[in-house]
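Spelled out, the chains give:
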Amino acid sequence: MTTKLFSELGISPEVLKAIDKLGFEQAAPIQAEAIPALMQGRDVVGQSQTGSGKTAAFAVPAIEKVDPQLRAVQALILCPTRELAVQVSEEVHKLACFKRGVMALPIYGGQSYDRQFYGLRQGAQIVIGTPGRIMDHMTRGTLRLDQVKLVVLDEADVMLDMGFRDDIEFILKAVPTTRQTVFFSATMPRAIQELIQKYARDPQNIRIEQKTVTVSTVEQVYYEVDRRFKVELITRLIDLHNLKLGIIFCNTKRMVDDLVDHLNAQGYSADRLHGDMSQAMRDRVMNKFRKSGLEFLVATDVAARGIDVNDVEVVFNYDLPYDVEDYVHRIGRTGRAGRSGLAISFVGGREVFQIQNIERFTRMRIQRARVPTLDQVEEAKAGAVLHQIREVLAGGEYRQQEHLVELLLEEGFASTDVASALLHLLQAGDTPEPPARRTPADLSHLNREPADRPAQEPARSRLAPESRDARPPQKLPVAQPPPAPQVKPTPRPAVPVAKPAPALPAPVAKPVPATSAPVAKPATITPAVITTVIPVVESAIAKPAPTPIPKSAPPIPRSTIRNPQSPDPFRSPKHSRRTPEGHIRLYMNVGKEMGVAAQDVLASIQGETGLPATVVGTIDLRERHLFVDVAADHAKGIIAKLNRANLKGNKLKVKEA
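Since the structure is predicted, the reported quantities are computational estimates derived from the model, not experimental observations.

The rules behind each value
Residues numbered from 1 in each chain as written. Predicted model: local features only at pLDDT ≥ 70, side-chain atom pairs only at ≥ 80, totals over all residues. Heavy atoms only, no water. Helix = DSSP H or I, 4+ residues; strand = E, 2+ residues; numbered from the N terminus. Contact = heavy atoms within 4.5 Å. Areas by Shrake-Rupley, 256 points an atom, 1.4 Å probe, with all protein chains shown as cover. Phe/Tyr/Trp six-rings, centres within 6.5 Å; stacked < 30°, edge-to-face > 60°. Pairing = 2+ DSSP bridges. Axes fitted to C-alpha atoms, helices over the stretch in contact; angles between N-to-C directions. Patch = residues over 30% accessible without salt bridge, like charges linked within 9 Å, V, L, I, M, F, W, Y side chains within 5 Å. Salt bridge = Lys/Arg side-chain N within 4 Å of Asp/Glu carboxyl O. Lys, Arg positive; Asp, Glu negative; His and termini not counted. Charge placed at Lys NZ, Arg CZ, Asp CG, Glu CD. Buried < 20%, exposed > 50% of the residue type's maximum accessible area, 1.4 Å probe, protein only. Polar contact = N/O pair within 3.5 Å; in protein donor to acceptor, adjacent residues only side chain to side chain. pLDDT = per-residue confidence, 0-100. Arc of directions from axis to C-beta. Parallel < 35°, antiparallel > 145°, perpendicular 65-115°, else oblique. Left-handed = near helix turned anticlockwise from the far one by under 90°. Nonpolar A, V, L, I, M, F, W, Y, C, P; charged D, E, K, R; others polar.

A. Examining the overall build of the protein chain more closely. Secondary structure summary: the protein chain contains 23 helices and 23 strands in total. In the protein chain, once contacts between residues fewer than 6 apart in sequence are set aside, the share between residues at least 24 apart is 78%. Carbon and sulfur atoms make up 52% of the accessible area of the protein chain, which amounts to about 30900 Å² in all.

B. Structural detail: the packing of aromatic side chains. Applying the stated rule across the entire model yields 7 aromatic pairs. One aromatic cluster is present, formed by Tyr223, Phe316, Tyr318 and Phe346 through successive ring pairs.

C. Broad picture of the sheet that holds strand β12 (residues 270-273). In spatial order, the strands read β12-β13-β11-β14-β15-β10-β16; together these 7 strands make up an open sheet with parallel pairing. A strand with exactly one partner marks an edge of an open sheet, and here the two such strands are β12 and β16 (367-368). Set on the sheet, helix α10 (residues 230-241) makes contact with β10 (218-224), β11 (246-249), β13 (296-299), β14 (314-317) and β15 (341-347); between it and β15 the angle comes to about 160°. This element, helix α11 (residues 253-265), spans β11, β12 and β13 of the sheet and lies at about 170° to β12.

D. Main features of a negative patch on the surface. Taken together, the side chains of Glu402, Glu406, Glu410 and Glu411 present a region of like negative charge at the surface. In this structure, glutamate 406 sits in helix α17 (residues 402-410). Taking the relative accessible area as the measure of exposure, glutamate 406 reaches 43% and is therefore partly exposed.

E. View of the environment of glycine 132. If you trace the backbone, glycine 132 turns up in helix α6 (residues 131-140). In this structure, the C-alpha to C-alpha distance between glycine 132 and tyrosine 108, residues 24 residues apart in sequence, is 7.8 Å.

F. View of the environment of leucine 38. Its place among the elements puts leucine 38 in helix α2 (residues 29-39). The buried category is assigned to leucine 38, whose relative accessible area is 1%. Distance in space between the C-alpha atoms of leucine 38 and alanine 57 is 8.9 Å, their sequence separation being 19 residues. In this structure, leucine 38 is in contact with Val44, Ala57, Phe58, Pro61, Lys65, Gln180 and Val182, ignoring residues within four places of it in sequence.

G. How the structure looks around the environment of histidine 274. Looking at where histidine 274 falls in the secondary structure, it is placed in the loop between β12 and α12 (279-290). When the C-alpha positions of histidine 274 and lysine 253 are compared, they lie 6.1 Å apart, and in sequence the two are 21 residues distant. In terms of polar contacts, histidine 274 uses its side chain to reach the side chain of aspartate 257, at 3.0 Å.

H. Just the confidence of the model for the protein chain, in detail. Predicted confidence across the protein chain gives a mean pLDDT of 76, with 73% of residues reaching 70 or more. Overall, residues 430-442 carries pLDDT values under 50, and its contacts beyond four positions in sequence, including any with other chains, amount to 32 contacts. In the model, residues 450-524 has pLDDT below 50 throughout and makes 162 contacts with residues more than four positions away in sequence or in other chains.

I. Region of interest: α17. Those residues of α17 that fall on the buried side of the exposure criterion are Leu404, Val405 and Leu408. Taken end-on, α17 shows its buried residues confined to a sector of 95°, consistent with a single buried face. Phi for glycine 412, located one or two positions after α17, is positive at around 105°.

J. Summary view of the pairing of strand β19 (residues 616-621). Most of β19 is tucked away, with 6 of its 6 residues classed as buried. Alignment of β19 against strand β20 (residues 626-631), held across 4 bridges, turns out to be antiparallel. Each bridged residue has a counterpart across the sheet, and for valine 616 the counterpart in β20 is valine 630. In this structure, the hairpin formed by β19 and β20 is closed by a connection of 4 residues.

K. Expanded view of the sheet that holds strand β7 (residues 150-153). Spatial ordering of the open sheet is given by β5-β6-β4-β7-β8-β3-β9, a layout of 7 strands whose pairing is parallel. Edge positions in the sheet fall to β5 (104-107) and β9 (204-207), since each has one partner strand and no second. This sheet shows a mean twist of 15° between the axes of neighbouring strands, independent of strand direction. Taken together, the 4 bridges between β7 and strand β8 (residues 180-185) define a ladder with parallel strand orientation. Pairing of leucine 150 across the sheet is with glutamine 180, part of β8. Contacts from helix α4 (residues 82-95) reach β4 (75-78), β5 and β6 (126-129) within the one sheet, and its direction differs from that of β6 by about 155°. Here helix α5 (residues 113-121) sits on the sheet in contact with β5 and β6, set at roughly 150° to β5.

L. Expanded view of helix α23 (residues 635-642). Of the residues making up α23, those classed as buried are Ala635, Ile638, Ile639 and Leu642. The arc that holds every buried residue of α23, seen down its axis, measures 100°, which confines them to one face. Looking at the buried residues of α23, the elements they touch are β18 (583-588), α22 (598-609), β20 and β23 (654-656).

M. Highlighting the pattern of salt bridges. Counted under the stated rule, the structure contains 25 salt bridges. When the shortest N-O distance is used, the salt bridge between arginine 140 and aspartate 136 registers 3.1 Å. Of the two residues, arginine 140 and aspartate 136 both sit in helix α6, 4 residues apart, roughly one turn of that helix. The class for arginine 140 is partly exposed, based on a relative accessible area of 48%. Across the salt bridge formed by aspartate 319 and arginine 227, the nearest N and O atoms sit 3.0 Å from each other. A residue pair is termed long-range when its members are at least 10 positions apart, and aspartate 319 in the loop between β14 and α14 (324-331) and arginine 227 in the loop between β10 and α10 qualify at 92 residues. Assessed through its relative accessible area of 4%, aspartate 319 is described here as buried. One network of salt bridges, with partners in common, ties together Arg165, Glu169, Arg190, Glu194 and Lys198.

N. View of the packing of α2 against helix α3 (residues 54-65). The interhelical angle for the contact between α2 and α3, taken along N-to-C directions, is 25°, at an axis separation of 8 Å. Here α3 runs roughly parallel to α2, going by the angle between their axes. The two elements α2 and α3 meet at a crossing, and its hand is right-handed. Together, Ile30, Gln31, Ala34, Ile35, Leu38 and Met39 of α2 and Lys54, Ala56, Ala57, Phe58, Val60, Pro61, Glu64 and Lys65 of α3 make up the contact between the two elements.

O. Region of the structure containing the packing of helix α8 (residues 165-174) against helix α9 (residues 190-199). Interaxial distance between α8 and α9 falls to 12 Å at its minimum, and their mutual angle equals 10°. Accordingly, the angle class assigned to the pair α8 and α9 is roughly parallel. Here α8 contributes Arg165, Ile168, Glu169, Leu172 and Lys173 to the contact with α9, which in turn contributes Ala191, Glu194, Leu195, Lys198 and Tyr199. For the contact of α8 with α9, the residue count by class is 5 nonpolar, no polar and 5 charged.

Okay, here's the thing in structure tokens:
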């Protein structure tokens, strides 16, 4: 399908300025087809999958058709759920930010009537709401629709599935017959076709066709992650798999710029490629990338057209593309010339349904991967060091340094302690102490089991970790080893072993820099360094050290999901049927079968009550219901608020368990 720029669609300069501020360069296929038709005044029936950019396809024409001088409702957008209404309202606000006098108002159940009354009295021209609350305002006389020029039914198939047909017909009969009617839906069942025949006038049908393709040489995985934690996750994956040449795709120019700044600040070599750059700048960046002068190229789809580099190891979909064909074009940048490739996608919220669309389009399964823990990242780094040591040992080209090892052994240090101290010095040169940053507790909820898809462990036959040569200092939030002067021998039951510990810094600090200078080079392991380790390894084989006491780790429950603000970064504590002190356990009549996830429950409580997330404790999801621990002081208020709300289209029933 031919792509178009927004500037080619007849949009006003104010809206174009807002689109440019958001960072979009080209229109998605559904936008390129629907916007011109709606601007011409035609009714439209659009069929496109979730996540294809339908919101802007009807929001832009709605903004353009509004008369800012007329303080009356002129555009009505119906959505099936409160969450979607809020999302559409936010999008309209962003697109209308430079249109003076244009006001948009979300109207949905569970929100204060006073706020909605005030917005309607102020003269909101665009109303986005759910059918039930719209009808409520109509019967109260607080919402008049006699000036409506455009009616949009977003996710029409979902609204009919939820039983809103009578409400929709009641609303459509109340608006003027001269209005434009727009239906957007992923599917077109018979009920929607009947509505179209009854209320639309010679509509233009727009259907975004999807061809089937096969991508067989690229291994594809995805991670469920909130946008706030994407930078954290991408740096962990880079370090875990030792990736050295990749392309990262974003949907907006602003996101490209932000991500490049983050990666460079954390010690990675990255540069940008998007439409705001001159051709000379693009050529310079591409030449540098082709010559492996860059590790990561962060680009938009428009700017990345024509990228042809054979050695690309990985493609990151930092943002999922609107069009599944763009997904195929993106991941086709890796796995070229007969090589295998890796494609990693980040998804959040409703984007998981876009993954299902991509699977149908490519006829391949995309594995859901688990977010790597800090322990896994540390283990991969240690494996990289061991890999280099094995290579040097196998080569046999190193200087013997027995006299240094013997000197330390004579002073009473155990062979395993000497080896640990040397490896610590080696790794400390590659990983200096990072500056203070946020704790990794934010990622505690990422490895939850999704309600709509079974967890899949990614198939991995590649990506054996190796060291990152000459890596600038990383700011990954991993536990760093203590400085060299504080190194102590491995704890043993016998007291005499611990006594020589204070003497360790003196003998190690003096001879090593003088006789084994390569140790001071960051991220470099030379034969001279390995010479010191070989006798230690042999001694360790002859005299095995006692088994260290394992660190205790709380078990991971199968079905309990904690609040993301839990102080434990990655492991949920073992669930107990006893409610914590100061909390009350509540019962809710929704569960996994309704598509409800832990963050949905947390967001619903915060959205309905305005309380902070700290009042919510453990969320125990079951198939058809759930239990949640909340602060006792707020329990009654939460019950009262939630019993008037909906979650995932289900009317909530909440009570003390």
